[in-house]
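Below are the chains, spelled out letter by letter.
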Amino acid sequence: MQPQIILLKEGTEASQGRSQIISNINACQAIVDCVRTTLGPRGMDKLMVEAQGKATISNDGATIMKLLDVVHPAAKTLVDIAKSQDAEVGDGTTSVVILAGEFLKQMKPFVEEGVHSQIIIRGVRKATQLAVQFINEIAVKPKKDDEVELRQLLEKCAATAMGSKLINQQKDFFSRMVVDAVMMLDELLPLNMIGIKKVPGGALEDTLLVAGVAFKKTFSYAGFEMQPKQYTSPKIALLNIELELKAERDNAEIRLENVEEYQKVVDAEWTILYDKLEKLHLSGAKVVLSKLPIGDVATQYFADRDMFCAGRVPEEDLKRTMKACGGSILTTVADLGDSVLGTCEHFEEKQIGGDRFNIFTGCPQAKTCTIIIRGGAEQFMEETERSLHDAIMIVRRAKKNDAVVAGGGAIEMELSKHLRDISRTIAGKEQMLISAIARALEVIPRQLCDNAGFDSTNILNKLRQKHAQGNRWMGVDILNEDVADNMEKCVWEPSLVKINALSAASEATCLILSVDETIKNPKSGEGPAPQGRPGARRPF
Ligand code: ADP
Ligand code: MG
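Note that residues are indexed from 1 along each chain, following the sequence as it is written. Chains and ligands are labelled by the order in which they are written, letters from A for the one and numbers from 1 for the other. Local features in this predicted model are restricted to residues of pLDDT 70 or higher, and side-chain atom pairs are both shown and tallied only at a pLDDT of 80 or more, whereas totals for entire chains, interfaces and linings draw on every residue. Excluding hydrogens and water, the side-chain figures rest on all heavy atoms present in the structure.

Visitor: Explain the layout of surface pockets to me, please; I cannot follow it from the model alone.
Guide: Any empty space left between the atoms is revealed when a probe the size of a water molecule rolls over them. Its boundaries defined by the atoms lining it, the largest pocket holds a volume of some 910 Å³. Around the largest pocket, the lining comprises 44 residues; the ones closest to its centre are P41, T160, G163, S164 and V491. Counting residues per element, the ones that place at least two in the lining of the largest pocket are α4 (93-112), α6 (147-162), α7 (171-184), α15 (443-452) and β17 (474-477). Counting from the N terminus, the helices are the DSSP runs of H or I reaching at least four residues and the strands are the DSSP runs of E reaching at least two. With 6 residues, α6 is the largest single contributor of residues to the lining of the largest pocket. Note on residue classes: Ala, Val, Leu, Ile, Met, Phe, Trp, Tyr, Cys and Pro are nonpolar, Asp, Glu, Lys and Arg are charged, and everything else, Gly too, is polar. Of the residues belonging to the lining of the largest pocket, the class tally is 11 nonpolar, 18 polar and 15 charged. As a volume, the second largest pocket reaches approximately 310 Å³. Here a cavity means grid points, on a 1 Å grid over the protein atoms only, where a 1.4 Å probe fits yet cannot get out; a pocket means an open set of points with protein on both sides within 12 Å along at least five of seven lines; lining residues are those with an atom within 4 Å of a point. Contributing to the lining of the second largest pocket are 15 residues, with L191, N192, I194, G195 and E316 lying nearest its centre. At the level of elements, β4 (194-200), α11 (315-325) and α12 (378-400) are the ones that each hand at least two residues to the lining of the second largest pocket. Of the residues contributing to the lining of the second largest pocket, the split by class is 5 nonpolar, 3 polar and 7 charged. Grid points are joined across faces, edges and corners, and a volume is the space filled by probe spheres set on the points.

The structure is reproduced here in structure tokens:
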């Protein structure tokens, strides 16, 4: 008898071969089934409850995937592509997961029949490459220098991105706002220069766009009411200094012998504080913001001298103010020149809903804006924020790269037809593989129909016929349970969203197909698995 060679630690689980690929594909399918129903304007939302009991309602693929807490190693790939799609283009997160799932589903029979993974992978890569090329060929590019046309294009892309969300009733209102917001930014379109704040109460339409920085009024001490609440062209001091009496005492250990010494310490404290306050006053700053608390003495001092102050400003807001208004965040008041002070055209403290807001407009340095979302429930506003984020990302993308394609399954059907046509000209196994990918692409229009309660077979037959006749932009008409020219209907999406989704889905497919063995080390500290020999092969 041959001696058994033990290679791996006791308790290690390993499984390999074709059955392993199939089991990974099945796991991915299970994940896809979770998000399938959220696709499109008639998609449903998911309510997810985390371990701590926090409930989230969302339609956004990336958010759902993040909250699912997937443990299966292969299925995690799908979570990753949803996340990367979110980071890269912002929209199309559900589509990418569904596409990857369908690619895998179509490839499963080939794996079962024993086609080598590498051949399948080559086929998938080739099909993707052809599809991406074709998108670039047929994408429509409106004239960029025409302001009106560009704006229309951006608004339509934003409206399509929001069409599938909770806020689709107000999508015209919001798409205008999102385009305004992105237009306010400078060339680089930095996302973090659009602040989003939420104030409970009011209607969704009360949501407003502030052309500048806005943040909630911070905690304030007595004397605050006497401070002016409006300035034109004030100088702004941004500090990282605590303006409170106890501040100095906290920083040192002091040993005292008698009362006089204590009095000296107290006096010194007042002197130090007054010294700082005086310097701030003399610098000509009218608005003083600090990341750290500003106490009651300081508040009253400023009030007496016609100055405004706010302590405990969140770091993120302070940074945005700095970027917008100029100046720098100071840790000392020793040298308060004009170069370190910011400024803006107008400062105001204003009531919005139940909260007071500090609003800086006409900022000279960077272009920035803030969207203040109003609405009923907390979860509703959170979903609104996520939807706006998608739309903002899409508008940024579309502004940089303005080619668009028609959505609602139109581009997928056209790609499907294109790939099917090409596959017929290829001899060999690739023919089958490319036509399988062509079939897989139909999943998007089919799912859009299924989610809307339409007869998907019927509509897909119609779509295939129309595309065969050369009607390039025919897609699902969600309003009339029919097919329609979605380019005319203005269901537009940046071509980049589709290209990115296709490439990510195909990469994920190839990755999962190329894994034929999983080896799982036992957790450290855990004994050997209760059953099974060392190195025993068990499927997960
Ligand atoms: P994703 O997270 O992938 O963006 P969505 O739930 O936003 O998922 O759905 C996007 C899909 O819905 C896209 O295929 C898009 O073309 C389609 N879609 C959006 N608006 C419409 C519309 N008005 N009519 C038909 N299809 C639409
Ligand atoms: Mg979307």
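Visitor: Mind showing me how you'd approach the packing of helix α5 (residues 117-138) against helix α17 (residues 495-514) here?
Guide: The relative placement of two packed helices is expressed as an angle between their axes plus a distance between the axes. Between α5 and α17, the least distance of the axes is 10 Å, while the angle of their chain directions is 175°. It follows from the interaxial angle that α5 and α17 lie roughly antiparallel. Of the residues in α17, those in contact with S117, I120, I121, V124, R125, T128, A131, V132, I135 and N136 of α5 are S495, K498, I499, L502, S503, S506, E507, C510, L513 and S514. For the contact of α5 with α17, the class distribution of residues is 10 nonpolar, 7 polar and 3 charged. To obtain each axis, a line is fitted to C-alpha atoms, and for helices this fit is confined to the stretch in contact; angles are then taken between N-to-C directions over 0 to 180 degrees. Any angle that falls under 35 degrees is termed roughly parallel, while one over 145 is termed roughly antiparallel, one within 65 to 115 roughly perpendicular, and all others oblique. The criterion used for residue contact is that any of the two residues' heavy atoms lie within 4.5 Å.

Visitor: Got a minute to help me understand the confidence of the model for the protein chain in this structure?
Guide: Do not read the fine detail of predicted coordinates wherever pLDDT is low. Here the protein chain averages 85 in pLDDT, and 95% of its residues register 70 or above. Within a predicted model, pLDDT stands for the predictor's per-residue confidence, ranging from 0 to 100. Throughout residues 529-540 the model reports pLDDT below 50, and contacts reaching past four residues in sequence, or to other chains, amount to 21 contacts.

Visitor: Honestly, the nonpolar core in this entry has me stumped. Any pointers?
Guide: Across soluble globular proteins, nonpolar side chains show a tendency to be buried alongside one another. Counting residues in hydrophobic clusters, the biggest one holds 102 residues, and the most contacted among them are L78, M107, I120 and L513. Discounting chain neighbours no more than four positions away, the residues touching I120 are M107, F110, V111, V115, L433 and L513. Counting residues in hydrophobic clusters, the runner-up holds 21 residues, among them L273, L277, I294 and V340. For our purposes a nonpolar core is just a set of buried Ala, Val, Leu, Ile, Met, Phe, Trp, Tyr and Cys residues, chained together by side-chain atoms within 4.5 Å. Type-normalised accessible area, obtained with a 1.4 Å probe on protein chains alone, sets the label of each residue: buried when under 20%, exposed when over 50%, and partly exposed for intermediate values.

Visitor: Please clarify how the packing of aromatic side chains should be interpreted in this entry.
Guide: In this description, a pair of aromatic rings is defined by centroid distance and the angle of the planes. Working definition: rings of Phe, Tyr and Trp (its six-membered ring) pair if their centres are within 6.5 Å, and the pair is stacked with planes under 30 degrees apart, edge-to-face with planes over 60 apart, and tilted otherwise. One pass over the structure, following the stated rule, counts 10 aromatic pairs. Ring geometry for Y274 versus Y301: centroids 5.6 Å apart, planes at 65°, classification edge-to-face. With Y274 in helix α9 (residues 259-282) and Y301 in helix α10 (residues 296-304), this residue pair connects regions lying 27 residues apart in the sequence. With a relative accessible area of 7%, Y301 lands in the buried category. For the pair Y301 and F302, a centre-to-centre distance of 6.1 Å together with 80° between the ring planes defines the contact as edge-to-face. Of the two residues examined, Y301 and F302, each falls in the buried class. Ring-pair connections join several aromatic residues into one group, and the members of that group are F215, F224, Y231, F308, F347 and F360. Above the face of the W492 ring, K156 is positioned so that its terminal group lies 5.1 Å from the ring centre. Counting as a charge over the ring demands two things of the Lys NZ or Arg CZ atom: a distance within 6 Å of the ring centre and an angle within 35 degrees of the ring normal. Of note, K217 hangs over the ring of F224, and the distance from its end group to the ring centre comes to 4.8 Å.

Visitor: So what exactly am I meant to see when it comes to the pattern of salt bridges here?
Guide: Side chains that carry opposite charge are capable of pairing whenever their charged atoms lie near each other. The term salt bridge refers to a side-chain nitrogen of Lys or Arg lying within 4 Å of a carboxyl oxygen of Asp or Glu. One pass over the full model with this rule turns up 29 salt bridges. With a shortest N-O distance of 3.7 Å, E507 and R125 are connected by a salt bridge. Note that E507 is positioned in helix α17 and R125 in helix α5, a separation of 382 residues in sequence. E507 sits in the partly exposed class, given a relative accessible area of 43%. You can call R125 partly exposed: its relative accessible area is 41%. Salt-bridge contacts for K197 lead to E316; the nearest nitrogen and oxygen are separated by 3.8 Å. You can see K197 sitting in strand β4 and its partner E316 sitting in helix α11, a full 119 residues away along the chain. A residue is classified by how much of its surface remains accessible, and E316, at 58% relative accessible area, is exposed.

Visitor: I tried to follow the site of ligand 1 on my own but got confused; where do I start?
Guide: To be near a molecule or strand, a residue needs just one of its heavy atoms within 4 Å of it. Around ligand 1 lies a shell of 21 residues, among which D91, S95, S164, G408 and E493 are the nearest. Side-chain atoms alone can form a polar contact between residues adjacent in sequence; in general such a contact is a pair of N or O atoms within 3.5 Å, and within protein one must be able to donate a hydrogen while the other accepts it. T94 is positioned such that a nitrogen or oxygen atom in its side chain is 2.8 Å from an oxygen atom of ligand 1. At a separation of 2.5 Å, an oxygen atom of ligand 1 approaches a polar backbone atom of G408. For accessible areas, the Shrake-Rupley method is used with a probe of radius 1.4 Å. Any residue's cover is judged against the shown protein chains and nothing else. In the complex, the protein chains occlude 94% of the 570 Å² of accessible area that ligand 1 would expose alone. Any molecule with more than half of its atoms within 2 Å of a cavity's or pocket's grid points is regarded as sitting in that cavity or pocket. Taking a 2 Å distance to the grid points as the criterion, the majority of the atoms of ligand 1 fall inside the largest pocket. For the shell around ligand 1, the secondary structure elements donating two or more residues are α4 and α15. Here the shell around ligand 1 gets 3 residues from one element, more than from any other, and that element is α4. Considering only residue class, the shell around ligand 1 consists of 7 nonpolar, 11 polar and 3 charged.

Visitor: How do you make sense of the side chain of T384 when you look at a structure like this?
Guide: You can see T384 is positioned in helix α12. By relative accessible area, which is 1% here, T384 ends up buried. Apart from residues no more than four positions distant in its own chain, T384 is found in contact with I167, F174, L204 and I373.

Visitor: How should the sheet that holds strand β13 (residues 346-352) be read in this particular structure?
Guide: Strand-to-strand pairing in sheets goes through backbone hydrogen bonds, with the strands running parallel or antiparallel. Spatial ordering of the open sheet is given by β6-β14-β13-β7, a layout of 4 strands whose pairing is antiparallel. Of all strands in the sheet, those with a lone pairing partner are β6 (212-216) and β7 (230-232), marking the two edges. If you compare each strand with its neighbour and ignore which way they point, the axes differ by 25° on average. Strands are labelled as partners when DSSP assigns at least two bridges between them. Here β6 runs beside strand β14 (residues 355-361); their pairing, made up of 5 bridges, is antiparallel. Counted as the bridge partner of A214 is I359 from β14. Against the sheet, α11 contacts β6 and β14, and its axis sits at roughly 160° relative to β6.

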